[in-house]
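Structural overview
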Amino acid sequence: MFRTALRNVLAHKARLLMTVLAVMLGVAFVSGTLVFTNTISQAYQNSSRKGFDHVDVAIEPKEVKGSGNTVGTTPDLTQALLDKAAAVDGAKEAVGVVSGFTAIADKKGDLIGGGFQSQGGNFWGTKDARYPLTSGHAPKGADEVVIDSETAKRAGYEVGDTVRLSVDGPVLTPKIVGIFTTDDGNVAAGGSLALFDTATAQKLFHTTGYDEIDVSAATGTTQTRLRSALSAVVPAATADLKTGTQLADDQAEQIASATSGLRTGLLVFAGIALFVGTFIIANTFTMLVAQRTKELALLRAVGASRRQVTRSVLIEAFVVGAVAAVVGLVVGIGIGAGLRALIGSFGSGVPDGPLVITPGTVVAALAVGILITMLAAWLPGRRAAKIPPVAAMNALHAKATTKSLVLRNTLGALLAGSGTALVLYATSLSGSDGQKPMGFGAVLLVIGVFVLTPLLSRPLIAASAPLLRPFGISGKLARQNSVRNPRRTAATASALMIGLTLITGMTVIAGSLQNAIDKMAADAIRADYIVSLANGRPLSTDVEKKLTDTQGVTAISPLRIADARVDGRGQSVAGVDGATIGELTDVKVTQGTFTVGGTKTAVDDDTAKDYGWKAGSRFTVAYEDGKRQTLTVAGIYEGNAIISGIMVDNSTLTPHLTTPADNQIMVKTADGPTSSVKDAIKKNLGNNPAIQIQSKQDISDGIAQFFTLILRMLYGLLAMAVIVAVLGVVNTLAMSVFERQQEIGMLRAIGLDRKGIKRMVRLESLVISLFGAVLGLALGVFFGWAAGELLGTSLSTYELVLPWGRMALFLVLAGCVGVLAALWPARRAAKMNMLAAIKAE
């Protein structure tokens, strides 16, 4: 039986090609994901370990948690502590670390590093082992800075150039006096790093001490011994001690955790492609077994047992899976290398390192390819073994029994009904409570629809009759062929259905979310512009002063978020300009009046409900300086994702803040959002590249770009599943043409020309593809609506928006897929010799 199975694989290698391709693509996706994520993870881990080469023990500040009326703080490490650490027995040197956000502009004035990866810090003394200088000298004073070599290369900066910088708003123009190399992961990822002397860094980053103290050990002193010695001078209540090895391990764990999310996301899409591939595998082996029914019956007649027949089919599947897995692994390694190079071409350089191909990757690729193929082929093999030899010889097995169809339809109806009920139940829940029931219900519904697809195929494909009528006999034959074997049609259409369900569902959700956020911004904000830093960090209060002096600006209100304690609980307080906030926002007041000033506050409805407040309620707040104040709730308003929380007047809040800073500033102008006013604001702020000046339309466009980018990424990832589905259509049609050789020969003999045969096969493919697309669109819209009902519980402006244009495009693309998939099978059918086809068995 083993030799028989191998001979069958070789005899049907052309018909198994599409199956090999489908499995190979899925395995390539899996192995490519593993190679890519392992490679970048190890590269960053190795790079981060190099960054700790000069750190034997690090002293890190410990967060002091808030309790009662005391606000939690993270104290700075003092100069006195650094001096004590440097004097410890076994310590070679102690270096104070200061860090914060520092934006660097290129020579065109554009921000380098995108904001979030733009970092600044201090250069220790005249020679800092952490940052070896390749040219120039260490910075001295506020007018000097050194930058990393990658940033200098990207922007074309050299020693002696003047560079535009920004820390929290105001533009700085120091001279570049040095360029250094670094293993910093942010720089490797395309960010920038600027270093000042320690005194300047402390002033710019608003600290009198250090964020961290790095101690290096003298020769002969181990990290553990140095840590033990430092524990005698470092207060355990306010600081932690970690060895360089611990820091490297912690960093490696963070990197592994970050890449784990990426790996999981990519593997989910790889799993979808493999799941779709199982339909092709099952279809292929079902058709192969059907074509070899008499052969298998003869084997049974001469003594082969049912197990042997099943085993022979599984051996064929094993060989196909093994070949596909090996090829997929090789292709996947190429994909991993290509993705790494692609990221580098986008400017997000990955640190140098070898391509990582672990034994786990190889085992996973082989296991996935072989197991998926064998599992998908098991049911066709089992069905073949159950056919009695005499019945098989007479081909009485060809039609499914009424009992089996009733059982299938009943099971499908139960699954689909249960799934629908569970999804509908989940929509009645709030937020995260409904996620698991909805996910489980969605899986049941998709499986139920797949089981019911043979039943659904007849009425839905019959509905296409008017569209096929203009094509004459070719159209009629195409429709009849589409429903001749409903199970085969169902398996082929379901592969496309799954991909389109996910694509449509995500498109509906993304479009509805974008509309909800746009509406929220339009309804809640009257301000013409929102001014903020590119990375979301707080702005200097100097920005507010410059905006006040800008011509055309009529009203502004800084938004200052501060930590406080209310009733012994941590609570953020939002400081605003009480005199102008009503002019800059448009919120719906449910109780009292929207009055902010003195001790009067406005509170959003969720916070009020949480504390049991109503208009007129009084409460005590403890600020970060430890002082307490009794405030009155003047009014309660409907909060949203843009405006919420406890609003107090800045004149009330600011005296209690150590370092006042604005998260954003709302600006109202006399002439509305015009380009001239925006240019005037930019100019008055020094054309600062780190500062964003956004109108409501800019915010809306930014949201649209974000959702478009996400959708494109998801479309790209789901493209693999669609490609596999296309292979399924090609495979089914090709094998169907082979099965119908006699029929095609007879059609040719009675007058249907080659063009008619081609048209028949193409229309059959078109009908099957559109059938799968219609099911996918319907399920996608339903799931998009259901997910929206969950989102609507936390987003009051959410409402379902159906992207009719995109759905029509999906339908057209599905039709194109059907036509393209039929090119080869149709050409093959038309080229058949009619006499040879009639004589074929």
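Source: prediction; values computed, not measured.

1. A short note on the sheet that holds strand β14 (residues 239–243)
On the basis of which strands lie adjacent, the open sheet formed by four strands has the order β2-β13-β1-β14 and antiparallel pairing. Only two strands of the sheet have a single partner each, and these edge strands are β2 (91–97) and β14. Averaged over all adjacent pairs, the angle separating strand axes in this sheet is 20 degrees, with direction ignored. In terms of strand pairing, β2 meets strand β13 (residues 212–217) through six bridges, oriented antiparallel. Note on β13: the bridge partner recorded for V95 is D214. Contacts from helix α3 (residues 79–87) reach β1 (57–61), β2 and β13 within the one sheet, and its direction differs from that of β2 by about 160 degrees. Strands in contact with helix α7 (residues 223–230) are β1, β2, β13 and β14; relative to β14, the strand with the most contacts, it is inclined by about 165 degrees.

2. Some thoughts on the pattern of salt bridges
The final tally for this structure, using the stated rule, is 12 salt bridges. For R569, the salt bridge goes to D610, with nearest N and O atoms at 2.6 Å. With R569 in strand β17 (residues 569–576) and D610 in helix α20 (residues 605–611), the pair connects residues that are 41 residues apart, well separated along the chain. Of the residues examined, D610 reaches a relative accessible area of 48% and is grouped as partly exposed. The partner of D698 in a salt bridge is K678, with the nearest N and O atoms 2.9 Å apart. With a gap of 20 residues between them, D698 in helix α23 (residues 696–739) and K678 in helix α22 (residues 675–684) connect regions that are remote in the sequence. Beyond isolated ion pairs, a larger network of salt bridges with shared partners links E60, K242 and D250.

3. Some words on the nonpolar core
Formed by 68 residues in total, the largest nonpolar core has its most connected members in V276, F285, M497 and F783. The element best represented in this core is helix α25 (residues 754–792), accounting for 11 residues. V98, V163, F196 and A239 belong to the second largest nonpolar core, which has 38 residues in total.

4. A short note on the pairing of strand β11 (residues 175–180)
The element β11 is largely enclosed, with a buried count of five among its six residues. Pairing between strand β8 (residues 144–148) and β11: five bridges, direction parallel. When the bridges of β11 are listed, V145 appears paired with I176.

5. Notes on the sheet that holds strand β10 (residues 171–172)
Spatially, β5-β4-β9-β10 is the arrangement adopted by the four strands of the open sheet, whose pairing is antiparallel. Edge positions in the sheet fall to β5 (111–112) and β10, since each of these pairs with one other strand and no more. Here strand β4 (residues 103–105) pairs with strand β9 (residues 165–166) via two bridges, running antiparallel. Across the sheet, residue I104 finds its bridge partner in β9, namely L165.

6. Some words on the side chain of N38
If you trace the backbone, N38 turns up in helix α2 (residues 17–51). When residues no more than four places from it in sequence are discounted, the contact partners of N38 are R263, V356, T358 and T361.

7. Remarks on the packing of aromatic side chains
Per the stated rule, a full pass over the model turns up nine aromatic pairs. Taking the centre distance of 6.5 Å and the plane angle of 70 degrees together, the rings of F196 and F205 count as edge-to-face. Each member of the pair, F196 as well as F205, is classed as buried. Their ring planes at 50 degrees and their centres at 5.8 Å tell us that F782 and F783 sit as a pair that is tilted. One aromatic cluster is present, formed by Y611, W613 and F619 through successive ring pairs. We note R569 situated over the ring of Y611; from NZ or CZ to the ring centre the distance is 4.4 Å.

8. Describing unusual backbone geometry
The phi dihedral of D567 falls on the positive side, at around 55 degrees, and the residue is not glycine. By the element assignment, D567 lies in the loop between β16 (553–566) and β17. Residue class for D567 comes out exposed when judged on its relative accessible area of 52%. At N687, a position not held by glycine, the phi torsion is positive, near 50 degrees. With respect to the helices and strands, N687 occurs in the loop between α22 and β24 (691–694).

Conventions and cut-offs
Residues numbered from 1 in each chain as written. Predicted model: local features only at pLDDT ≥ 70, side-chain atom pairs only at ≥ 80, totals over all residues. Heavy atoms only, no water. Pairing = 2+ DSSP bridges. Helix = DSSP H or I, 4+ residues; strand = E, 2+ residues; numbered from the N terminus. Axes fitted to C-alpha atoms, helices over the stretch in contact; angles between N-to-C directions. Contact = heavy atoms within 4.5 Å. Salt bridge = Lys/Arg side-chain N within 4 Å of Asp/Glu carboxyl O. Buried < 20%, exposed > 50% of the residue type's maximum accessible area, 1.4 Å probe, protein only. Core = buried A, V, L, I, M, F, W, Y, C linked by side-chain atoms within 4.5 Å. Phe/Tyr/Trp six-rings, centres within 6.5 Å; stacked < 30°, edge-to-face > 60°. Lys NZ or Arg CZ within 6 Å of the ring centre and 35° of its normal.

All we've got here are geometric facts, nothing functional implied.
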